[in-house]
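Chain by chain, the residues:
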Amino acid sequence: MRVLIVEDEPYLAEAVRDGLRLEAIAADIAGDGDAALELLGINSYDLAVLDRDIPGPSGDEVARRIVGSGSGIPILMLTAADRIDDKASGFGLGVDDYLTKPFEMRELVLRLRALDRRRAHVRPPVREIAGLRVDPFRREVFRDGRYVALTRKQFAVLDVLVAAEGGVVSAEELLERAWDENADPLTNAVRITVSALRKRLGAPWIIATVPGVGYRIDTGTEVLRSTGGGTASGGDINDAGAASCVSGVNTNDIGTGSSTFGEDAVEGGGACA
């Protein structure tokens, strides 16, 4: 999931972004209406967290533009006003939910998860494919009944792959959906993270590489469903370079402001030790 935070208070915006990252949710910040509209024109977002009182085009105007674009991006409006008339006018613009400041981070996350469920209502909350059971809300993964402990970034990548229902997801799309705008488009972090994720999930490899295209869950004859689960067909294609050493990988987490990717880079590099 990738979220756009539109908030002109830097401390609050950064606190929300960092809190969402701890929940494996990528987030970008726009400090005013103009920056928000620019990012919306460049990137693809699953949700928008929008402060109503921002410089430039107001939060109402940004919401109006989002709704008018037909993108279907759900909007959660942040406001210091708790009056029903203010909320009614926002809902009239097409806002999906409201949260009054101050708020608990946990409540924001729960509301965003609920909005994402409604947006993709055909997708079951717990997804099962090829023996994998992925629960985005508990952040739990099981393979053939065996619990698999994943890092936040590994979980985010797996969530995107599973949601594709066996379809191919490019490295560029994984970088866009599981990381954020600070990610270096030339980084090999996706390859490193996928390599580490394969090892965590165990043999036979269930993440196949489609050379020159991207990655997919090897479903064999399986289809995504809400109950049950089978085993992978084993017809995987390994990423020939996925486990190779990468020099100069910084181990700082992206939440520190670095454009590197922390724990996943460590695991990827560890394969060469």
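All values derive from a computational prediction rather than experimental measurement.

Engineer: Which residues make up helix 6 (residues 152-163), and what are the values?
Structural biologist: Look at helix 6: 17 Å from first C-alpha to last across 12 residues, which is about the 16 Å you get at 1.5 Å a residue. Where burial is concerned, most of helix 6 is hidden: 10 out of the 12 residues are buried. Along helix 6, the residues that are buried comprise Lys153, Gln154, Phe155, Ala156, Val157, Leu158, Asp159, Val160, Leu161 and Val162. Where helix 6 terminates, the next one or two residues include Glu165, which has phi positive at roughly 60 degrees.

Engineer: So, the confidence of the model for the protein chain: which residues are in play, and what are the values?
Structural biologist: Summing up the model confidence of the protein chain, the mean pLDDT is 77 and the portion of residues at 70 or higher is 76%. Here helix 9 (residues 263-270) stands out as the least confident element of the protein chain, with mean pLDDT 37; strand 11 (residues 214-217) is the most confident, with 94. Between residues 221-273, whose pLDDT stays under 50, and residues either more than four places distant or in other chains, the model counts 113 contacts.

Engineer: Kindly report on the side chain of Asp97, identifying the contributing residues and their values.
Structural biologist: With respect to the helices and strands, the residue Asp97 is situated in strand 5 (residues 97-100). Setting aside its immediate chain neighbours within four residues, Asp97 contacts Ile75, Leu76, Met77, Phe91, Arg111 and Leu115.

Engineer: Can you explain the pattern of salt bridges? Please cite residues and give values.
Structural biologist: Under the counting rule described, the total for this entry stands at 14 salt bridges. Put simply, Arg111 and Glu107 hold a salt bridge, and the shortest N to O gap is 2.9 Å. Taken together, the residues Arg111 and Glu107, both in helix 5 (residues 105-119) and four residues apart, mark about one turn of the helix. Given a relative accessible area of 32%, Glu107 falls into the partly exposed group. With a shortest N-O distance of 2.3 Å, Glu128 and Arg133 are connected by a salt bridge. Classification of Glu128 by relative accessible area gives buried; the value is 7%. The structure contains a network of salt bridges with shared partners spanning Glu7, Glu9, Asp51 and Lys101.

About the criteria used
Residues numbered from 1 in each chain as written. Predicted model: local features only at pLDDT ≥ 70, side-chain atom pairs only at ≥ 80, totals over all residues. Heavy atoms only, no water. Helix = DSSP H or I, 4+ residues; strand = E, 2+ residues; numbered from the N terminus. Expected span 1.5 Å × (residues − 1). Buried < 20%, exposed > 50% of the residue type's maximum accessible area, 1.4 Å probe, protein only. pLDDT = per-residue confidence, 0-100. Contact = heavy atoms within 4.5 Å. Salt bridge = Lys/Arg side-chain N within 4 Å of Asp/Glu carboxyl O.

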